[in-house]
Amino acid sequence: MLLETLSNAFGPSGCEDEVRRLLARALHDKVDDLQTDALGNLIAFKQGIGAGPRLKVMIDAHTDEVGLMITRIEKNGMLGFQAVGGIDPRLLMAKGVVVGEGRIPGVIIAPPVHLTKAAQRKQVIEIDQLVIDIGTSTADKARELVQMGDYAVFDTRFQVLSEDGLRTAKGKAFDDRIGCAVAAALADGEYPVDLCLSFSAQEEVGLRGARVAAFRIEPDLALALEGTVCDDTPKKEDVSPTTELGKGPAITVSGPFLRRRQTFGAPLDRGRRCPWPALPNQTTWRGGYRCWCHSPVQGRRAVGRCGRALSLHSCPGEHGQPQRL
Ligand SMILES: [Zn+2]
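Now for a look at the structure at hand. Along each chain, residues carry numbers from 1 onward, in the same order as the chain's sequence is written. Whole-chain, interface and lining totals are the exception, using all residues; otherwise, since this is a predicted model, local features are given only for residues with pLDDT of at least 70 and side-chain atom pairs are given and counted only at 80 or more.

### Quick notes on the sheet that holds strand S4 (residues 67-73)
Our working rule: The criterion for strand pairing is that DSSP finds at least two bridges linking the strands in question. A helix here means a DSSP run of H or I that spans at least four residues, while a strand means a run of E at least two residues long, and both kinds are numbered starting from the N terminus. Every angle, taken between N-to-C directions, lies between 0 and 180 degrees, and every axis is a line fitted to C-alpha atoms, over only the stretch in contact when it is a helix.
Read once around its circumference, the closed barrel built from six strands follows the order S4-S5-S8-S7-S6-S9, with strand pairing classed as antiparallel. Each neighbouring strand pair of the sheet contributes to a mean axis angle of 45 degrees, computed without reference to strand direction. Of the pairings in the sheet, the one linking S4 to strand S5 (residues 79-84) comprises six bridges and is antiparallel in character. When the sheet's bridge partners are listed, Gly67 is paired in S5 with Val84.

Structure, rendered in structure tokens:
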């Protein structure tokens, strides 16, 4: 399964090469053109069928994941780091990671429970107080394996949790390798529009790649495929407007870059159902994808469609329902 391969790949923001290679390999004989731009976006073009002129439709998914960057090597060989993208420091302690091109295994460590006071254990340990232990005992030994500026990602392997019914799985980087897998699957079809699949880089550090790709493609319509927020934790009163497992992909109505309901036009006006009746779907009102395309490219229409992922930007717990269009 392509999603499994993509989820296991190493691809923090700015270091998406492995993910890009996997996608290029999956797509090269299914599309008419495949290019990588200077920022690291992979753009695949598939010409539509039928007589022109045809609409140019951009489908975007981002290739990068949140991760860490090594910024300090301590005398005892421990590695200090900073976050790449939005990571909650509460989720980092005791997590396994892999570091650098050598995929060196390590563990994020913090003071043991025996040596901390009760009050300290109630406090969140900030990222600059955590270190990665890769098993070396001196800085020189650590430098043989890892360099300053190397990236690290969580050491989490894809695993199917349930094969029947909902087909749930756990893994890392479902945000947004689910989107990448869905976009890649679109290359199998034939369409009456020109299809531009944009696998964009550096979304987690400022939506960088998608903007560049949108300028290059200049689409008539853009769809962003993304992992969105959900919250299935037990609660006394369910007031969460987030998505639910098993109800299909979500259409984001309001996100940080999207405020105009009219953008959606027909899909929402039909009783908040998308125009493809065979596909169950749901609506999400917040925290969803960035529909950047309509702002940089002459006000083009852009719609976010989201796969559901629990525990976004976390470590082994990020999981969701593999979705197919
Ligand atoms: Zn994302």
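Once you've had a look at it, read on.
### Some thoughts on helix H5 (residues 174-186)
Rules: Take the number of residues in a helix, subtract one, and multiply by 1.5 Å to get its expected span. Here the C-beta atoms are placed from the backbone, and a residue counts as buried if at least 20 other C-beta atoms lie within 10 Å of its own, exposed if 12 or fewer do, and partly exposed otherwise.
Taking 1.5 Å as the rise per residue, H5 with 13 residues should run 18 Å; its terminal C-alpha atoms sit 18 Å apart, in good agreement. Most of H5 is tucked away, with 12 of its 13 residues classed as buried. Within the sequence span of H5, burial applies to Phe174, Asp175, Asp176, Arg177, Ile178, Gly179, Cys180, Ala181, Val182, Ala183, Ala184 and Leu186.

### Quick notes on unusual backbone geometry
Gly52 connects to Pro53 through a cis peptide bond whose omega is -5 degrees. For Pro53, the position within the fold is in the loop between strand S2 (42-46) and strand S3 (56-62). Non-glycine residue Ala94 carries a positive phi angle of around 70 degrees. Mapped onto the elements of the fold, Ala94 is located in the loop between S5 and strand S6 (96-99). According to the C-beta neighbour criterion, Ala94 is exposed, with 10 such atoms within 10 Å. Of note in the backbone geometry, Glu218 takes a positive phi value of approximately 50 degrees without being a glycine. Looking at where Glu218 falls in the secondary structure, it is placed in the loop between helix H6 (208-217) and strand S13 (221-228). For Glu218, a count of 14 C-beta atoms within 10 Å translates into the label partly exposed.

Taken by themselves, the reported measurements are silent on function.
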